[in-house]
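So you can see what is in the structure, the chains are spelled out below.
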Amino acid sequence: RKNLGGIWKMASLSLKNVCKVYPNGFVAVKDFNLEIADQEFIIFVGPSGCGKSTTLRMIAGLEEISSGELWIDDKLVNDVEPMNRDIAMVFQNYALYPHMTVYDNMGFALKLRKVAKADIDKAVHEAAKILDLEHLLDRKPKALSGGQRQRVAMGRAIVRKPKVFLMDEPLSNLDAKLRVQMRVEISKLHQKLKCTIIYVTHDQTEAMTLGTRIVVLKDGIIQQVDTPQALYNTPQNLFVAGFIGSPQMNLLDAKVVENAGAVTLELGANFSIKLPEAKGKKLIEQGYVGKTVVAGIRPEDIHDEELFLTSSPDSIIEATIKVYELLGAEVNLHFDLDDVTCTAKVNPRTTARPGDTVKFAIDLSKLHIFDKETEQVIC
Ligand code: ATP
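What counts as what
Residues numbered from 1 in each chain as written. Predicted model: local features only at pLDDT ≥ 70, side-chain atom pairs only at ≥ 80, totals over all residues. Domains from an automatic or database assignment. Contact = placed C-beta atoms within 7 Å. Nonpolar A, V, L, I, M, F, W, Y, C, P; charged D, E, K, R; others polar. Pairing = 2+ DSSP bridges. Helix = DSSP H or I, 4+ residues; strand = E, 2+ residues; numbered from the N terminus. Buried ≥ 20, exposed ≤ 12 C-beta atoms within 10 Å, placed from the backbone. Near = placed C-beta within 6 Å. Core = buried A, V, L, I, M, F, W, Y, C linked by C-beta atoms within 7 Å.

Asks: In this structure, what is going on with the domain arrangement of the protein? I would like to understand it.
Replies: Many authors give the size of an interface as the accessible area that is lost as the parts come together. In terms of domain boundaries, the protein breaks down into domain 1 (2-243) and domain 2 (250-371). A separation of 40 Å is found between the C-alpha centroids of domain 1 and domain 2. Listed as interface residues are four residues of domain 1 and, on the opposing side, five residues of domain 2. Looking at side-chain class alone, the side of domain 1 that touches domain 2 contains three nonpolar, one polar and no charged residues.

Here it is in structure tokens:
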């Protein structure tokens, strides 16, 4: 694999039962197991305090691993110093040296390593070309935009040709528009460099658009590791179901009722839907009849259009619109099913407005059913 005038090194990582217990006894990361293949773009996502940065910092060597093993390729690196791990980290506050030019900022790490001037020059120009920074090499950081500074920070990491890039919320200091631009830049960068990237974010859009695989964390424990598509289509538990997707998946308590082999979910006193045979069978087999489960349906899988209303008569519910939100390309309609507020994401052509009673069809093929106690998916 040729890159930046040299062969880019392969890098796979393996985390085996990695735990982090801080000196105050707080368990920040618990039994973290993950195999990362060469060239993967792995995302750690989860709410504030779930252990994303701690895990990334353990990989970088900035935080001691309390127990478990970290392998980079075929080397156990638990006790290897950060600078000898062949890893480059890009932080959210990209901390450029203000008195140095872009060129010197980018070449600094190589200069420290006493790399020959001509080689530094070559590496800096190659990285600058990839990041479209060639015309800015003589500038100081204060004469750059936020996005340009962010690209210099990336450039500083690239010139080192590390085995692995670690990025901790690198876009969080940028405004919304620039964040979208840089997201695309990082995606292109990954395609160009064909490198292994581990990227921390709490932004699910960044996670979904950038990652080849996403690791969803909560309270220091991995909830699910999957491709963006699989996370969206088949969330394994209630937490992942609620965390991925915007607006959030509607989650409703539902009573499982059987009538001559046909299974109905009672979503409240006045709302019920008849389940497709396969789903109903599964609930019967697993002993859920008479019990309460959690039904999950994404806003985009609730339709108000004629086509769906006529094609799926088993899944029609009728509700009064409480709030109408126009978002340009789509409309969110909010309505109550008993005491739970639900959202349907519909076409902006809709004429429904607050106060109107509307018929909705739930796309039953997209219905998720969870165990209320264990919070794990049933079907
Ligand atoms: P955020 O998105 O807010 O950055 P995060 O997922 O990156 O959150 P971490 O920074 O990894 O979370 O922190 C995980 C947990 O460990 C948090 O509850 C935090 O309070 C705790 N923690 C972090 N550093 C220490 C420390 N030095 N001593 C004790 N607890 C710590």
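Read on, since the account is not over.
Asks: Sorry, what's going on with the pairing of strand β4 (residues 27-36) here?
Replies: In summary, the side chains of a regular strand alternate between the two faces of the sheet. As judged from the six bridges shared by strand β3 (residues 13-21) and β4, these two strands associate in the antiparallel manner. Following the sheet pairing, L15 is matched in β4 by L34. Taken together, β3 and the strand that follows it, β4, pair antiparallel across an intervening segment of five residues, in which G25 is found at a positive phi of about 95 degrees.

Asks: Help me understand helix α2 (residues 102-112) in this model?
Replies: Two residues of an α-helix separated by three or four positions point the same way, owing to the 3.6 residues in each turn. The complete set of buried residues in α2 reads V102, Y103, N105, M106, G107 and L110. Summarising the contacts, the buried residues of α2 are in contact with α3 (117-130) and α4 (146-158). Note on α2: the residue one or two positions beyond its end, K114, has a positive phi of about 60 degrees.

Asks: How should the environment of E266 be read in this particular structure?
Replies: Looking at where E266 falls in the secondary structure, it is placed in strand β14 (residues 262-266). For E266, a count of 16 C-beta atoms within 10 Å puts it in the partly exposed group. Measuring from C-alpha to C-alpha, the distance between E266 and I59 comes to 48 Å, with 207 residues separating the pair along the chain.

Asks: I'm lost on the site of the ligand in this one. Help?
Replies: The immediate surroundings of the ligand are formed by 13 residues, with Y22, A28, S48, S53 and T54 found nearest. Of all the elements, helix α1 (residues 52-60) adds the most residues to the shell around the ligand, at three residues. When the residues that make up the shell around the ligand are grouped by side-chain class, the tally is four nonpolar, eight polar and one charged.

Asks: Help me understand the nonpolar core in this model?
Replies: Most often, soluble globular proteins keep nonpolar side chains buried together rather than apart. Formed by 96 residues in total, the largest nonpolar core has its most connected members in I43, A127, F165, L166, I198 and Y199. The element best represented in this core is α3, accounting for six residues. No fewer than three residues from each of domain 1 (2-243) and domain 2 (250-371) sit in this core. Ignoring any residue separated from it by four or fewer positions in sequence, one finds F165 in contact with A88, V90, A157, C195 and I197.

Asks: Looking at this structure, how should I read the sheet that holds strand β21 (residues 357-362)?
Replies: The strands that make up a sheet pair up through hydrogen bonds in the backbone, lying either parallel or antiparallel. With respect to topology, five strands assemble into an open sheet ordered β17-β21-β18-β19-β20, the strand pairing being antiparallel. Because the sheet does not close on itself, it has two edges, and the strands there are β17 (302-303) and β20 (340-346).

Asks: I keep staring at unusual backbone geometry and nothing clicks. Help me out?
Replies: Negative phi is the rule for most residues except glycine; trans is the rule for most peptide bonds. The step from S246 to P247 runs through a cis peptide bond, and the omega angle for that step is -10 degrees. Secondary-structure assignment places P247 in the loop between α8 (238-243) and β13 (250-259). With a phi angle near 50 degrees, N17 is a residue other than glycine that sits in the positive phi range. If you trace the backbone, N17 turns up in strand β3. Judged by C-beta crowding, with 11 C-beta atoms within 10 Å, N17 ranks as exposed. One non-glycine residue, D132, adopts positive backbone phi at about 55 degrees. In this fold, D132 is placed in the loop between α3 and α4. Under the C-beta neighbour-count criterion, D132 is labelled exposed, with 11 such atoms within 10 Å.

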